[in-house]
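The primary structure of each chain is shown beneath.
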Amino acid sequence: MQAGIIGLGLIGGSMGLALRESSIFKTLLGYDTSPLHSRQALSLGLVDECVEFEEIQECDVIFIATPLDGIISTLQKLRAPSPTTTIIDLGGAKKKILDSIPPAIRKNFVAAHPMSGTENYGPNAAQKGLFENKIVILTDLDQSGEFQVALAKQIFVSIGMRLISMSAVEHDRHVAFISHLPHVISFALANAVLSQEEPQNILALIGGGFKGMSRLAKSSPIMWRDVFAHNKQNLLEAIDHFGKEMLYAEKLIQEDRWEELIAWMKKANTLHTFM
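What you are looking at is a predicted structure, and each value in this text was computed from that prediction instead of being measured.

### What to know about the overall build of the protein chain
Broken down by element type, the protein chain carries 12 helices and 8 strands. In terms of overall size, the protein chain behaves like a compact globule, its C-alpha atoms giving a radius of gyration of 21 Å where 275 residues would be expected to give roughly 19 Å. Looking at the protein chain as a whole, 44% of its 275 residues qualify as buried. Accessible surface computed for the protein chain: about 14,500 Å², of which carbon and sulfur atoms make up 58%. With 25 positive and 30 negative side-chain charges, the protein chain shows a separation of 2 Å between the mean positions of the two kinds.

### Focus: the pairing of strand 1 (residues 2–6)
Most of strand 1 is tucked away, with 4 of its 5 residues classed as buried. Two strands pair when backbone bridges link them, and strand 1 and strand 2 (residues 27–31) are joined in this way by 5 bridges, in the parallel orientation. Residue Gln-2 lies in a different strand from strand 2, and its bridge partner there is Thr-27. The handedness of the strand 1 to strand 2 crossover, carried by helix 1 (residues 10–22), is right-handed.

### Some points on helix 6 (residues 146–158)
Taking 1.5 Å per residue, 13 residues should reach 18 Å; helix 6 reaches 18 Å between its end C-alpha atoms and fits that length. Among the residues making up helix 6, those that are buried are Gln-148, Val-149, Leu-151, Ala-152, Ile-155 and Phe-156. Close packing links the buried residues of helix 6 with helix 1, strand 4 (61–64), strand 5 (86–89), strand 6 (109–114), strand 7 (135–139) and strand 8 (162–166).

### Structural notes on the sheet that holds strand 7
Strand order in this open sheet of 8 strands is 3-2-1-4-5-6-7-8, and the pairing throughout is mixed. For this open sheet the edge positions go to strand 3 (49–50) and strand 8, each flanked by a neighbour on one side alone. Where strand 2 meets strand 3, 2 bridges bridge the pair, whose relative direction is parallel. From the neighbouring strand, Gly-30 faces strand 3, where its bridge partner is Cys-50. Here helix 4 (residues 68–77) sits on the sheet in contact with strand 1, strand 4, strand 5 and strand 6, set at roughly 145° to strand 4. Across the sheet, helix 6 touches strand 4, strand 5, strand 6, strand 7 and strand 8, and the angle it forms with strand 5 is around 55°.

The rules behind these values
- Residues numbered from 1 in each chain as written.
- Predicted model: local features only at pLDDT ≥ 70, side-chain atom pairs only at ≥ 80, totals over all residues.
- Heavy atoms only, no water.
- Helix = DSSP H or I, 4+ residues; strand = E, 2+ residues; numbered from the N terminus.
- Rg over C-alpha atoms; globule rule 2.2 N^0.38 Å.
- Buried < 20%, exposed > 50% of the residue type's maximum accessible area, 1.4 Å probe, protein only.
- Areas by Shrake-Rupley, 256 points an atom, 1.4 Å probe, with all protein chains shown as cover.
- Lys, Arg positive; Asp, Glu negative; His and termini not counted.
- Charge placed at Lys NZ, Arg CZ, Asp CG, Glu CD.
- Pairing = 2+ DSSP bridges.
- Right-handed = clockwise from strand over helix to strand, strands pointing away.
- Expected span 1.5 Å × (residues − 1).
- Contact = heavy atoms within 4.5 Å.
- Axes fitted to C-alpha atoms, helices over the stretch in contact; angles between N-to-C directions.

Below you can see the structure in the form of structure tokens.
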């Protein structure tokens, strides 16, 4: 079989490396709107060849690994596929994408979200083994073709991923808390420091805690703008919950309610017993 990857950044490029290891596909073709990304992907061995959009549509399996608005526009441009073509998106929010799928390709389409990544982006960020032992969430599988679902599951298992299925609505609500909110917090933390009069003096004291919490602030603004826009209502709800916790902590500190603050922190300590 032949696989095509649309979008050759961190996720698309890492998928190319993973598929090469799996040996499911004879050839890996790539397509990216950026000529620079195409050249980098070839030099890094992420794909065998970069082709035009028309040719990528001839592949047996087409992965779409662009920012979310790009996924929607790509779906609109795809011509009606053959009954055995499988189209898999790798986006981080699902409901808006699924609502946009043209009826002619719905059975061919499998919505997937690999729960893996880094704060880096572009072809140079691609990593071998990025998906190993990670979860991939497959959504609304009842609307996808049986052949496409079976093949998608086979591919993800072959690259070492664990499968979870749920509805797009459930997915978007859950990832708002565990993925999208942490990115908002990281961007906000970075900007809080940068807004100070002499941020370089603060950063001279930087330690592991700040580095860990601010790491996500290096992420692609374009990609995360799309994610935040696509999952707006769920993200706003998550931000509201987080804001209430921050206000509660602020109140306890203001009022010297140290024992209650300890209890609040001990409750937070229990989170990792579920992980």
